[in-house]
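Structural overview
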Amino acid sequence: MYKCIDFGHLFEDGEQAVWYENQGECHGVTAMERFSGCPVCRGDYEEVHQCKKCGEWRYDDELYDGWCEKCLRDTINYDTFFEYCDANKDEQYLDTFVMCYLLYCDEVPKYPSVEFHQLMVETYKRMVANVKLLGDKFGFLEKCVCFIMVDDGSIGIENYAEWLNNRKVVK
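Residue numbers restart at each chain and count upward from 1, following the sequence in its written direction. Reporting in this predicted model follows two pLDDT cut-offs: at least 70 for local features of residues, and 80 or more for side-chain atom pairs to be given and counted; totals over whole chains, interfaces and linings ignore these cut-offs and use all residues. Note that the side-chain values use all heavy atoms of the structure and ignore hydrogens as well as water.

Moving on, we come to the pattern of salt bridges. Side-chain pairs of opposite charge can arise whenever the charged atoms involved come near each other. Any carboxyl oxygen of Asp or Glu within 4 Å of a side-chain nitrogen of Lys or Arg constitutes a salt bridge here. A full pass over the atoms with the stated rule returns five salt bridges. One salt bridge connects R167 with E83, and the closest N-O pair in it is separated by 3.0 Å. Linking R167 in the segment after α6 (153-166) with E83 in helix α2 (residues 78-87), this pair joins segments that are 84 residues apart in sequence. Assessed through its relative accessible area of 26%, R167 is described here as partly exposed. Put simply, D86 and K89 hold a salt bridge, and the shortest N to O gap is 3.4 Å. Numbering of helices and strands runs from the N terminus, with a helix taken as a DSSP run of H or I at least four residues long and a strand as a DSSP run of E at least two residues long. For every residue, the accessible area obtained with a 1.4 Å probe (protein chains only) is divided by the maximum for its type, and the residue is called buried under 20%, exposed over 50%, and partly exposed between those limits.

Here it is, written out as structure tokens:
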């Protein structure tokens, strides 16, 4: 599928408007240049793909491993956040999140012990339990979303989307 950049018209391959414009004469031969554009407005267009979740047609630079940003955000909850961090233990995601977002420390130990990591896991789980009992007064879930969707930029979003696509869901 293709989408008009100016107005968002959707159309399939082969439906593009095609026209020719005279580019002048050279040695008695008229040079014609071929153009194509949106079939409605003749504007520029780009190829689009559907989001895996919502099905909306998006440009390539609006998709992360097949997901639009809104749908990725919607998948983040306390459980998926923990699973994602747990799958990236080598990167110390959970330790970094707890230290920086919840305890407001500037640094995470470079080589944390197993005990330190376990303390970070317990702190995270305690915060989740508190939110479930008392409500999310301090934007805890939004901090989880921000950690994935903002802090690492598009690379972090791509990593999360890839993880989500390869994730094994236990039922």
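Attention shifts here to the pairing of strand β5 (residues 45-50). Two strands pair when backbone bridges link them, and strand β1 (residues 2-4) and β5 are joined in this way by three bridges, in the antiparallel orientation. Pairing of K3 across the sheet is with E46, part of β5. Two strands are said to pair when DSSP picks up at least two bridges between them. Taking the residues between adjacent antiparallel strands as the criterion, β5 and strand β6 (residues 57-59) are bridged by six residues, where G55 takes a positive phi near 80°.

Between its terminal C-alpha atoms α6 stretches 20 Å, which fits the 20 Å expected from 14 residues at 1.5 Å a residue. Those residues of α6 that fall on the buried side of the exposure criterion are G156, I157, Y160, A161, W163 and L164. Looking straight down α6, one finds its buried side chains confined to an arc of 160°; they lie on one side. Facing away from the buried side of α6 by over 90 degrees, the exposed positions are I155 and N166. Here the buried face of α6 lies against β7 (63-64), β8 (67-68), α1 (69-75), α2 and α5 (140-149). Here, expected helix span is obtained from the residue count minus one, scaled by 1.5 Å. Taking the helix axis as origin, the arc is that swept by the directions to the C-beta atoms. Note on contacts: a residue pair is in contact if any heavy atoms of the two residues lie within 4.5 Å.

Stacked, edge-to-face and tilted labels apply to pairs of Phe, Tyr and Trp rings (six-membered ring for Trp) whose centres lie within 6.5 Å, assigned for plane angles under 30 degrees, over 60, and everything in between, in that order. Here the structure, examined in full by the defined rule, presents 20 aromatic pairs. Geometrically, the ring pair formed by Y78 and F140 is stacked, given 5.3 Å between the ring centres and 20° between the ring planes. Of the two residues, Y78 is situated in helix α2 and F140 in helix α5; the sequence distance between them amounts to 62 residues. For the pair Y78 and F140, a shared accessibility class is recorded, and that class is buried. When the centroid spacing of 5.4 Å and the interplanar angle of 65° are considered together, the rings of Y84 and W163 count as edge-to-face.

It is worth spelling out the nonpolar core at this point. Only buried residues count toward a nonpolar core. Its members are Ala, Val, Leu, Ile, Met, Phe, Trp, Tyr and Cys residues joined through side-chain atoms within 4.5 Å. Of all hydrophobic cores here, the largest spans 38 residues; its most connected members are L72, F81, F97, Y124 and F140. In terms of residues, this core owes the most to one element, helix α3 (residues 93-102), which gives seven residues.

So, about the packing of α2 against α3. Axis geometry follows a simple rule: fit a line to the C-alpha atoms, using only the stretch in contact for helices, then measure angles between N-to-C directions, giving values from 0 to 180 degrees. Closest axis-to-axis distance for the α2/α3 pair is 7 Å, and the angle between their directions is 125°. Relative to α3, α2 is oriented oblique. Residues F81, F82, Y84 and C85 of α2 touch α3, and the partners they reach there are Y93, L94 and F97. Here the contact of α2 with α3 is built from residues that sort into seven nonpolar, no polar and no charged. Roughly parallel means an angle under 35 degrees; roughly antiparallel means over 145; roughly perpendicular covers 65 to 115; every other angle is labelled oblique. When residues are grouped by polarity, Ala, Val, Leu, Ile, Met, Phe, Trp, Tyr, Cys and Pro land in nonpolar, Asp, Glu, Lys and Arg in charged, and all others, Gly among them, in polar.

For E107, the position within the fold is in the loop between α3 and α4 (114-134). Taking the C-alpha atoms as reference, E107 lies 25 Å from A129; in sequence the two are 22 residues apart.

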